[in-house]
Amino acid sequence: MATRISVLFIFLFITIFLNIFNTNQARQHKNPSSSSSSSSSFLVLALTKSSISLPTPKSQTQERIKKTLESSIGAVMEPLREVRDGYLITLNIGTPPQAVQVYMDTGSDLTWVPCGNLSFDCIDCYDFKNNNIKASSTFSPLHSSSSFRASCASSYCVEIHSSDNAFDPCAIAGCSVGMLLKSTCLRPCPTFAYTYGEGGLVSGILTRDILKAQTRDVPRFSFGCVASTYHEPIGIAGFGRGLLSLPSQLGFVQKGFSHCFLPFKFVNNPNISSPLILGDSLLSGNLTNSLQFTPMLNTPMYPNSYYIGLESITIGTNVTATQVPLTLKQFDSQGNGGMLIDSGTTYTHLPDPLYSQILTSLQSTITYPRATETESRTGFDLCYKVPCPNNNLTSLENDAMVMFPSITFHFLNNAALILPQGNSFYAMSAPSEGSVVKCFLFRNMEDGDYGPAGVFGSFQQQNLKVVYDLEKERIGFQAMDCVIEAVSHGLYQGS
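Note that the coordinates shown come from a computational prediction; the quantities given were computed from them, not determined experimentally.

S.K.: So what exactly am I meant to see when it comes to the nonpolar core here?
M.R.: What tends to happen in soluble globular proteins is that the nonpolar side chains get buried as a cluster. Judged by nonpolar contacts, the single largest core of 84 residues is most densely connected at Phe409 and Phe440. For this core, the element with the most residues is helix H8 (residues 354-365), which contributes 5 residues. In this structure, Leu88, Ala150, Cys189 and Phe192 belong to the second largest nonpolar core, which totals 22 residues.

S.K.: Quick question: what am I supposed to make of the pattern of salt bridges here?
M.R.: A side chain of one charge can pair with a side chain of the opposite charge when the charged atoms of the two come close. All told, the structure shown has 5 salt bridges when counted by the stated rule. Of the charged contacts in the structure, one is a salt bridge between glutamate 485 and lysine 465, with a shortest N-O distance of 3.0 Å. Of the two residues, glutamate 485 sits in helix H11 (residues 482-488) while lysine 465 sits in strand E28 (residues 464-469), which places them 20 residues apart along the sequence. A relative accessible area of 5% means that lysine 465 is categorised as buried.

S.K.: Before we go on, may I ask you to explain the state of the cysteines in this structure?
M.R.: Among covalent bonds in proteins, the disulfide is the one between the sulfur atoms of two cysteines. One pass over the full model with this rule turns up 6 disulfides. Note that cysteine 115 is cross-linked by a disulfide to cysteine 225, the S-S spacing being 1.9 Å. Disulfide cysteine 115-cysteine 225: the torsion about the S-S bond is -130°, which places it as left-handed. Taken together, the positions of cysteine 115 in the loop between strand E6 (112-114) and strand E7 (121-123) and cysteine 225 in strand E11 (residues 216-230) put the pair 110 residues apart, joining distant regions of the chain. Pair check on accessibility: cysteine 115 and cysteine 225 agree, each one buried. Note that cysteine 175 is cross-linked by a disulfide to cysteine 185, the S-S spacing being 1.6 Å. Pair noted here: cysteine 175 is in the loop between helix H4 (168-172) and helix H5 (177-182) and cysteine 185 is in the loop between H5 and strand E9 (192-196), with a separation of 10 residues, a long-range link. Comparing cysteine 175 with cysteine 185 shows no difference in burial state: the two are buried.

S.K.: So what exactly am I meant to see when it comes to the pairing of strand E22 (residues 407-411) here?
M.R.: In regular strands, side chains alternate between the two faces of the sheet. Burial runs high along E22: 4 of the 5 residues are buried. Pairing of strand E17 (residues 310-315) with E22 involves 5 bridges; the strand directions are antiparallel. Within E22, the position partnered with leucine 310 by the bridge is phenylalanine 411.

S.K.: Teacher, can you tell me more about the sheet that holds strand E21 (residues 383-387) here?
M.R.: Hydrogen bonds between backbone atoms are what pair the strands of a sheet, whose relative direction is either parallel or antiparallel. Pairing is antiparallel across the open sheet formed by 3 strands, whose spatial order is E21-E25-E24. In the strand order of this sheet, the two ends are held by E21 and strand E24 (425-427), each with one partner. Across the sheet, the axes of successive neighbouring strands diverge by a mean angle of 35°, strand direction being ignored. Taken together, the 5 bridges between E21 and strand E25 (residues 435-440) define a ladder with antiparallel strand orientation. Across the sheet, the residue bridging to cysteine 383 is cysteine 439, located in E25. Relative to E25, H8 is tilted by about 150°, and along the sheet it contacts E21, E24 and E25.

S.K.: Got a minute to help me understand the sheet that holds strand E18 (residues 322-323) in this structure?
M.R.: With antiparallel pairing, 4 strands are arranged side by side in an open sheet as E18-E17-E22-E23. Bordering the open sheet on either side are E18 and strand E23 (415-418), each of which pairs with just one other strand. For E22 and E23, the ladder comprises 4 bridges, and the chain directions are antiparallel. Looking at the pairing, phenylalanine 411 lines up with alanine 415 of E23.

S.K.: It is not clear to me how the confidence of the model for the protein chain should be interpreted in this structure. Could you clarify?
M.R.: Interpretation of this model should avoid reading the predicted coordinates in detail wherever pLDDT is low. Taken as a whole, the protein chain shows an average pLDDT of 78; of its residues, 77% reach a score of 70 or greater. Least confident of the elements in the protein chain is strand E2 (residues 18-22), whose mean pLDDT is 33; most confident is strand E16 (residues 307-308), at 98. Here residues 3-39 is a poorly scored stretch, pLDDT under 50, and it has 172 contacts once near neighbours within four places are set aside; other chains count. Note on residues 52-84: pLDDT is under 50 here. Beyond four places in sequence and across chains, it has 94 contacts.

Definitions and limits used
Think of each chain on its own: its residues are numbered from 1, step by step along the sequence as written. Restriction of local features to residues with pLDDT of at least 70 applies here, the model being predicted, together with a cutoff of 80 or more for giving and counting side-chain atom pairs; totals for whole chains, interfaces and linings are based on all residues. Processing note: side-chain calculations cover all non-hydrogen atoms of the structure and skip hydrogens and water entirely. Here, the term nonpolar core denotes a set of buried Ala, Val, Leu, Ile, Met, Phe, Trp, Tyr and Cys residues that are joined through side-chain atoms within 4.5 Å. Only protein chains enter the calculation, and the probe is 1.4 Å; a residue is then buried if its accessible area is under 20% of its type maximum, exposed if over 50%, and partly exposed in between. Only DSSP runs of H or I reaching four residues or more are called helices, and only runs of E reaching two or more are called strands; each is numbered from the N terminus. Salt bridge, as used here: a side-chain nitrogen of Lys or Arg that lies within 4 Å of a carboxyl oxygen of Asp or Glu. Any pair of cysteine sulfurs within 2.5 Å is marked as a disulfide. When DSSP finds two or more bridges between two strands, those strands count as paired. Note on geometry: axes are lines fitted to C-alpha atoms, helical ones only across the stretch in contact, with angles between N-to-C directions running from 0 to 180 degrees. We call two residues contacting when some pair of their heavy atoms lies within 4.5 Å. Per residue, pLDDT captures the predictor's confidence, and it can take any value from 0 to 100.

Next up, the structure:
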């Protein structure tokens with residue numbers, strides 16, 4: 001989730017050419033006039049799972065997954081850390097193109113790339129500097145020859161500065177009143193600052209150039225060329241409903257998109273990518289009948305974000321559903337509340353007292369010994385020491401006797417979503433001495449009185465087909481093996 005503020009300082013003229021090839025809330029706008037050079041009705045793109053967490057040595061006895069398909073892909077277990085994890089799209093930028101990876105983020109609109117012409121300054125980004133993030137994550141604009149600065153009078157400039165007055169950006173740029181009235185000011189869009197919900201901040205210039213996404217081109221694509229950030233080491237592709245978002249500029253904001261996130265154990269696996277589909281094929285075949293749809297909720301505070309309403313949560317099969325506060329399914333008079341669905345947030349966040357009630361219900365049904373040392377070290381509230389025969393995580397995953405209680409989300413419109421087994425508890429390290437520690441990867445929602453009351457994060461969206469049906473303003477869920485889904489779309493590159 002992101003907001004914008006205006007900032008003015010000196011600009012550089014930078015040229016950039018964008019081409020999506022392969023792979024982690026301002027006012028609502030209608031889809032801009034089509035600038036696509038192709039009539040293609042849908043796109044299938046690829047997302048790769050990436051983590052900037054520190055690696056943990058694997059146990060020598062850890063085996064590959066025995067299922068034929070997953071074994072051929074080479075899935076591995078990776079630990080999670082309290083740093084940013086996400087799903088990446090690779091942008092080929094410039095003339096000639098330079099490969100830059102950016103996070104897919106359904107919680108914001110702006111697409112931006114780190115521009116390292118002079119230097120890319122990432123403030124307080126310890127994990128970026130110390131965890132082998134590739135140098136190709138930055139873009140050198142001086143090596144591109146085809147872009148131009150966005151005009152201060154463009155609708156995209158007005159949007160990035162969150163202005164209700166279309167004259168504001170050009171006034172900030174130094175245009176006279178006469179030039180404003182005659183619409184003759186040709187000065188570039190002032191430098192912007194863009195903030196994210198968890199405290200991240202980026203500052204840069206709005207740039208326009210060709211974006212090529214397989215069969216669909218956007219010759220005047222608008223994006224941020226960012227030279228300085230705080231807590232944001234990697235660029236972001238915004239998938240919100242606003243004018244600046246990637247789906248909007250591709251011409252799909254009135255149709256929608258879907259994704260199927262591979263499990264975290266495929267982190268940094270070069271052979272397979274998560275499918276990301278934009279356009280008409282979202283609801284083809286019998287997919288509509290198998291999806292659980294819940295309506296999108298619209299809030300005046302963040303009209304470009306994706307909100308849904310949560311009615312209750314069920315733990316296990318014989319436990320009465322835990323009722324949730326009204327704030328998770330409706331907004332107050334200022335627009336606060338609702339549950340934000342956000343691919344840019346790793347873990348699902350729930351407010352108290354609901355979160356504490358969920359913890360109590362889990363503790364009453366789980367009989368494994370607590371791993372309190374891991375809880376203290378990681379900050380997760382529930383960790384358990386689970387038997388792992390022969391230190392084999394694969395056999396543990398397939399062992400029906402080693403199970404945690406199911407968790408079912410009941411959304412508005414009677415949409416029930418049973419989370420896949422691996423979407424609640426995760427192994428925090430390699431098995432040792434016949435056991436492994438698994439932690440409950442939900443979080444308590446802090447400051448829930450302002451903005452969303454809860455967040456449905458990307459970890460809980462693994463092995464789910466999530467459909468954003470923007471035409472009917474609804475979101476659909478279906479449990480699915482995203483490995484098989486990826487293979488069916490030709491996103492597996494192994495032998």
